[in-house]
Amino acid sequence: MEGFLVGLATCIVAANVIRPCNVAPLQGTPVCDMTKTPYERAAYLVSQFNSTEKIALLQDSAPAVPRLNLSSYEWWSEALHGVAYSRGVHFNAPTPYATSFPQVITTSATFNATMWHSIAQVISQEARAFSNAGNAGLTYWAPNINLIRDPRWGRGQETPGEDPYATGVYARNYVRGLQDGEDAAHLKVSSCCKHYYAYDLEDWNGTDRHHFNAIVNKQDETDTYLPAFHSCVVNGQASSIMCSYNEVNGVPSCANSDILTEIARGRWDFEGYITSDCGAVSDILRSHQYAGAEGTCTVVLEAGMDSDCGHYFTDQLAGALRSKTTPEHLVDRALVNLYKVQVRLGVFDAAAGQPYLEIPTADINTAAHQALALDAAREGVVLLKNDAATFPLSNSSIRTVAVIGPNANATVTMQGNYQGHAPYLISPVAGVQLYANATFAYGCDVACNSTALFAEAKSAAQAADAVVLVVGLNLGQETESHDRTSLALPGYQNQLIEEVAAAAKGPVLCVYMAGGPVDMTPAKGNARIAGVMWVGYPGQSGGQALAETVFGDNNPSGRLPATQYPADYLDGLSMFDMGMRPNASSHNPGRTYRFYPGPFVYEYGDGLSYTTFSYTQSAGQAAAGVSVSKEAVEAAIAAWDSHFQYFPTSTTPDLANVTVTVKNTGNRAGMVAVICFAVPPEPGVGGAPLKFNVGFQKVELAAGGEADLTFGIQTQGLSLVDARGHRVAVAGQWTMKIGTVSIPVTVQ
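Our subject in this report is the structure included herewith. (Residues numbered from 1 in each chain as written. Predicted model: local features only at pLDDT ≥ 70, side-chain atom pairs only at ≥ 80, totals over all residues. Heavy atoms only, no water.)

## As for the overall build of the protein chain
Of regular secondary structure, the protein chain possesses 21 helices and 27 strands. For the protein chain, the C-alpha radius of gyration of 26 Å lies close to 27 Å, the compact-globule estimate for 748 residues. Every one of the 748 residues in the protein chain was classed for burial, and the buried ones make up 62%. Within the protein chain, contacts between residues at least 6 apart in sequence are counted, and of these 77% link residues at least 24 apart. By element, 50% of the accessible surface of the protein chain is carried by carbon and sulfur atoms, the whole surface being about 24,600 Å². When the 44 basic and 67 acidic side-chain charges of the protein chain are each reduced to a single mean position, those positions are 2 Å apart. (Helix = DSSP H or I, 4+ residues; strand = E, 2+ residues; numbered from the N terminus. Rg over C-alpha atoms; globule rule 2.2 N^0.38 Å. Buried < 20%, exposed > 50% of the residue type's maximum accessible area, 1.4 Å probe, protein only. Contact = heavy atoms within 4.5 Å. Areas by Shrake-Rupley, 256 points an atom, 1.4 Å probe, with all protein chains shown as cover. Lys, Arg positive; Asp, Glu negative; His and termini not counted. Charge placed at Lys NZ, Arg CZ, Asp CG, Glu CD.)

## Overview of the packing of helix α10 (residues 293–303) against helix α11 (residues 312–322)
Their axes nearest at 8 Å, the elements α10 and α11 cross at an angle of 100°. On the basis of their axis angle, the class for α10 and α11 is roughly perpendicular. Across from Ala293, Glu294, Thr296, Cys297, Val300 and Leu301 in α10, the residues of α11 making contact are Tyr312, Phe313, Gln316, Leu317, Gly319 and Ala320. Of the residues that constitute the contact of α10 with α11, the class distribution is eight nonpolar, three polar and one charged. (Axes fitted to C-alpha atoms, helices over the stretch in contact; angles between N-to-C directions. Parallel < 35°, antiparallel > 145°, perpendicular 65-115°, else oblique. Nonpolar A, V, L, I, M, F, W, Y, C, P; charged D, E, K, R; others polar.)

## Quick notes on helix α7 (residues 227–235)
Across the nine residues that make up α7, a large majority, eight, are buried. Looking only at α7, the buried set comprises Pro227, Ala228, Phe229, His230, Ser231, Cys232, Val233 and Asn235. Contacts made by the buried residues of α7 are with α5 (164–179), β4 (190–196), α6 (218–225) and β8 (240–243). The first or second residue beyond α7 is glutamine 237, which carries a positive phi of 60°.

## A look at the sheet that holds strand β7 (residues 213–214)
Pairing is mixed in the open sheet, where three strands are placed in the order β7-β9-β10. Each edge of the open sheet carries a strand with a single partner, namely β7 and β10 (251–252). Across two bridges, the pairing between strand β9 (residues 247–248) and β10 is antiparallel. Opposite valine 248, over in β10, you have valine 251 as the bridge partner. (Pairing = 2+ DSSP bridges.)

## Points about the side chain of serine 557
With respect to the secondary-structure elements, serine 557 resides in the loop between α18 (542–550) and α19 (592–595). The class for serine 557 is buried, based on a relative accessible area of 4%. Side-chain polar atoms of serine 557 contact the side chain of lysine 698, separated by 3.2 Å. Those residues in contact with serine 557 that sit more than four places away from it in its chain are Glu379, Val381, Met671, Ala673 and Lys698. (Polar contact = N/O pair within 3.5 Å; in protein donor to acceptor, adjacent residues only side chain to side chain.)

## Description of the sheet that holds strand β16 (residues 508–513)
Pairing in this open sheet of six strands is mixed, and the strands run β12-β17-β16-β15-β13-β14 from one edge to the other. This sheet does not close on itself; its edge strands, each paired only once, are β12 (382–386) and β14 (437–441). Neighbour to neighbour, the strand axes of the sheet diverge by 20° on average, direction disregarded. Bridge count between strand β13 (residues 400–404) and strand β15 (residues 466–472): four bridges; the pairing is parallel. Each residue of the ladder has a partner; that of isoleucine 404, found in β15, is leucine 469. Packed onto the sheet, helix α15 (residues 454–463) meets β13, β14 and β15 and runs at close to 155° relative to β13.

## Some remarks on the nonpolar core
Grouped together as the largest cluster of nonpolar side chains are 165 residues, with contacts concentrated most on Phe49, Tyr196, Phe313, Leu317, Tyr339 and Met736. Residues contacting methionine 736, with those up to four places away along its chain left out, are Val658, Cys676, Phe677, Ala678, Val694, Ile713, Gly717, Leu718, Val741, Ser742, Ile743 and Val745. Formed by 69 residues, the second largest nonpolar core is a distinct cluster that contains Val381, Val401, Ala408 and Trp534. (Core = buried A, V, L, I, M, F, W, Y, C linked by side-chain atoms within 4.5 Å.)

## Observations concerning the environment of tryptophan 734
Mapped onto the elements, tryptophan 734 comes out in strand β26 (residues 732–738). On the basis of relative accessible area, tryptophan 734 is assigned to the buried category, the value being 0%. At 3.0 Å, the side chain of tryptophan 734 and the backbone oxygen of valine 730 are in polar contact.

## Let's talk about the pattern of salt bridges
Between side chains of opposite charge, a pair can form as their charged atoms come close. In total, this model carries 28 salt bridges according to the counting rule given. When the shortest N-O distance is used, the salt bridge between glutamate 202 and arginine 209 registers 3.4 Å. The residues glutamate 202 and arginine 209 share a single accessibility class, namely buried. A salt bridge links glutamate 262 to arginine 267; the nearest nitrogen and oxygen atoms lie 2.9 Å apart. Judged by its relative accessible area of 23%, arginine 267 falls in the partly exposed class. (Salt bridge = Lys/Arg side-chain N within 4 Å of Asp/Glu carboxyl O.)

## Notes on the pairing of strand β23 (residues 706–713)
Going residue by residue along β23, you find Ala707, Leu709, Phe711 and Ile713 tucked away on one face and Glu706, Asp708, Thr710 and Gly712 left uncovered on the opposite face. In this structure, strand β20 (residues 656–664) lies alongside β23, joined through eight bridges in antiparallel fashion. The residue of β23 that forms the bridge with asparagine 657 is glycine 712.

## With respect to the state of the cysteines
Enumeration according to the criterion identifies five disulfides in this entry. Across a sulfur-sulfur distance of 1.9 Å, cysteine 21 and cysteine 32 are joined as a disulfide pair. With the S-S dihedral at roughly -85°, the linkage between cysteine 21 and cysteine 32 falls on the left-handed side. Remark: cysteine 32 occurs in the segment before α1 (38–47) and cysteine 21 occurs in the segment before α1; sequence separation between them is eleven residues. Each member of the pair, cysteine 21 as well as cysteine 32, carries the same accessibility label: buried. Each sulfur in the disulfide pair cysteine 444 and cysteine 448 lies 2.1 Å from the other. (Disulfide = S-S within 2.5 Å.)

## Looking at the environment of glutamine 621
For glutamine 621, the position within the fold is in helix α20 (residues 619–624). Residue glutamine 621 is classed as buried on the basis of its relative accessible area, which comes to 16%. It is 7.9 Å that separates the C-alpha atoms of glutamine 621 and valine 658, two residues lying 37 residues apart in sequence. When near neighbours in sequence (up to four residues on either side) are disregarded, glutamine 621 contacts Val626, Asn657, Val658, Thr659 and Ile743.

## So, unusual backbone geometry
The step from alanine 24 to proline 25 runs through a cis peptide bond, and the omega angle for that step is 10°. As for its placement among the helices and strands, proline 25 is situated in the segment before α1. In this structure, proline 599 follows glycine 598 across a cis peptide bond, with omega equal to 10°. Inspection of the secondary structure assignment puts proline 599 in the loop between α19 and β18 (613–617). One non-glycine residue, alanine 388, adopts positive backbone phi at about 55°. Relative to the helices and strands, alanine 388 is located in the loop between β12 and β13.

## Considering the packing of aromatic side chains
If you walk through the whole model with that rule in mind, you get 30 aromatic pairs. Note on phenylalanine 440 and tyrosine 442: the rings are 6.1 Å apart at their centroids and 55° apart in plane angle, and the pair reads as tilted. The exposure class assigned to phenylalanine 440 is partly exposed, which follows from its relative accessible area of 33%. For tyrosine 442, a relative accessible area of 36% translates into the label partly exposed. Between the NZ or CZ atom of lysine 194 and the centre of the ring of tyrosine 418, over which it lies, the distance is 4.7 Å. Cation over ring: lysine 691 sits above phenylalanine 677, and NZ or CZ is 4.4 Å from the ring centre. (Phe/Tyr/Trp six-rings, centres within 6.5 Å; stacked < 30°, edge-to-face > 60°. Lys NZ or Arg CZ within 6 Å of the ring centre and 35° of its normal.)

This is the structure:
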C-alpha cells in the first residue's frame, strides 16, 4: 500500500481544500453529475478503486487516494450533547471548544421535543464550523437510543431514559436537527443511531459487552428494543446505524442479517451506511467465536455491515478476497453505502451553492447557543420534594448558603461522558454565589470512602442560613465499560446526607447529580430535608440553572426520564435477564414503570413545580364518551404490519382524540410537561403493561392561564404485543391518564 496510505487527517470537506470533482480525473464523470442518484454516483466512484484501496477504505480511518484527489477521512466523530472528543474531532485553534449542552438524560427530562430538535440544530451548526476549519469530519455517531432497562447500566446517562415512546420521539427530533437545514439538497451532517440493538450491559458479574449474549423474546423485541430504532430510521431518516458489540439470541449484532438487512434495509428502507462499534468486528472472531478469521469478514458484509471501526478488515480482508471466502461484490456494496452518504454531504459537488461550507467558527458558542444550553439545564431540573413549599428561597432573607457535598463544586462532572471541551463550566457553588454568600464544604469525594471531612461540612451547615447538599455519581461510578453493583450512593454519602441535615440550622435541599437511577430514600424520608431535586448532568451552565431554581428565577418543569428504585429492587435480579415483564422464577420484579408495580422511590414522569396545575376533560367529550371499534384497531394494526412498523410515523392515523384543559392555578408562571399514559383494560395481566406513554406536550402558562391540549391516540395506544411479538387489538375499557384526569376509551 506504499504511496496510497498517506496519512489519517480528518478533513475532506472543508471549502478550502481541493474538491475531487473540480479536477481530473473525476471531473466530468458520473460521480460528479448532480442529476444522477447518490447510488449511481457512489457506484461509479467505487468502480474506480482497486482492491487494495477498497480494503483500506472500509475502516473508520479511511486513507487518502491521491490519484483520485480523495483526501483521507475519519468517519468517527461524536456529538452526543455537543461536538465531542473523538478520533475525528480536534479541539485546536480556531475551534478550541464547543457548546456543552446537558447530558442526554437531563435534556430528556425537559420533555420538550422542540428543544431536543433545537439543540441538535445548534450542534450541527458547530459541527460544520469545526469541519470547515479542518478540525472534524461530517459523520457523527449520535444519538444513543438504547433504553435504561437495568438501572445499574453505566451508559444510561447517554440515553433519553427508559421509555420506548419518548426515546423514539427524541431520536426523530435529534436526527432531524442534526441532518436537516436550509440546503435541502445536502445533509448538514450525518447522524448515526446506536447501538443496534438490545445493548445495555457494560461489564457485570464477569461478563462484559464484548461477550454478552442478550436473550430477547419476540414480545420484548417488538414493544421495547426496536421501536426507537424504527423511529430513528423512518421518522428521523438517519443516514447511519451502528451495530453493537453484543450478541442477540446467539448472533453478534454486526453479523445479524435479520436486523441489519431484513429489518433495517428491507422493512424500513434504510438508505445509509452501517458501521460497527469500535472493535466489534474483531469480537466476532475473538470474543463470540462465531466465525473464523476470514469468515468473519464474510459474515458481517453479508449481514449488511459496511464499515469496520477498527483494523480487522485491513488485517484479514485481503486474504479473504484472495481465497474467495469473501466475494468482492460485498465489498463494493459496502463502499457504495458509505459513499452514498458522502455524496449526500456534498463532498462531490462544487463548493458554490453549498451554504454549509460557509459556516464560520464564529458560529461556535454564540450567545444564543449559550442561552439554549442554559435553558435546557433549567428545564431539566426535576423537583421531587418540597415540604411546606420551602423552596424557592428568598435571597432577601437567606444571606448565607452552605453548598456541601462531593458534587457541590462539580465542573467536568456536569458534562457526563462523550463530552467536548466546554467554553466554561459553572459549578453549583459558583451558581449559588450569584444569589448569596456561598460557603463550600466538600464532605467527601464521590467515592466517599472516608468521613474525615464530615465535621467541616456539618460546621458549614450549622453556620449558614440554608444548605444545598449536592450528592450523586460521576464517571468513576458510571460510564462506558463500567456498570454499578448497587443503587445506593457510593461509600458514606448517605451518612453525609443524614449528618449534614441533622446539623443544619436552616432549610436543606438535597440535589442528586447523577445519570443512572439512585436510591433517594435517605433524602426523601428525612424530615429535616425540605427539598429534593434531580439534575442529571446539567452541562456547562448547570450550576447557574440549579441556583436559579433554588432562588425562584427558574420554575422547575422537568420530569424524571427514568424510575428511581429502592436499593433492594436489585435483590436477586440479574443484569443478564433481558425480560421486561415480571418473572418470579428469575427473580425479575418487572422492569421500568411499564412493568414494575413498585414500590418506587420516585416514578418515571414524576416532577413538581412551584406553581400548581389543574386538569379537566371537556364536558362535551366526557358526556359523549370516547369509543373505537375493535375492527378499526385491527385495520390499523394490519396497516402497521404491512409496513413492519414498531413506532408511529407521519402516516399513522389517529384512532381517537382526547382533550384536556390544563390550567395554572397558582400565583406564578410556569411550564408543565403533560404526559398521556395509556392503561389497558387489564393492566399487568398476561404480560400487559401497567401503563405506557403515548404522547406528551410541553406548555408554558401564566398564572391563571390555561390551554387545551389534544392527544391523538394511535395504533400502539389501543393495542398490545403478544408473546409471539404480534400486535393485537384488545377490547374493553382503556384509560388515558393525563395529569389527574382519567379518560375512558372503549374498544368494542
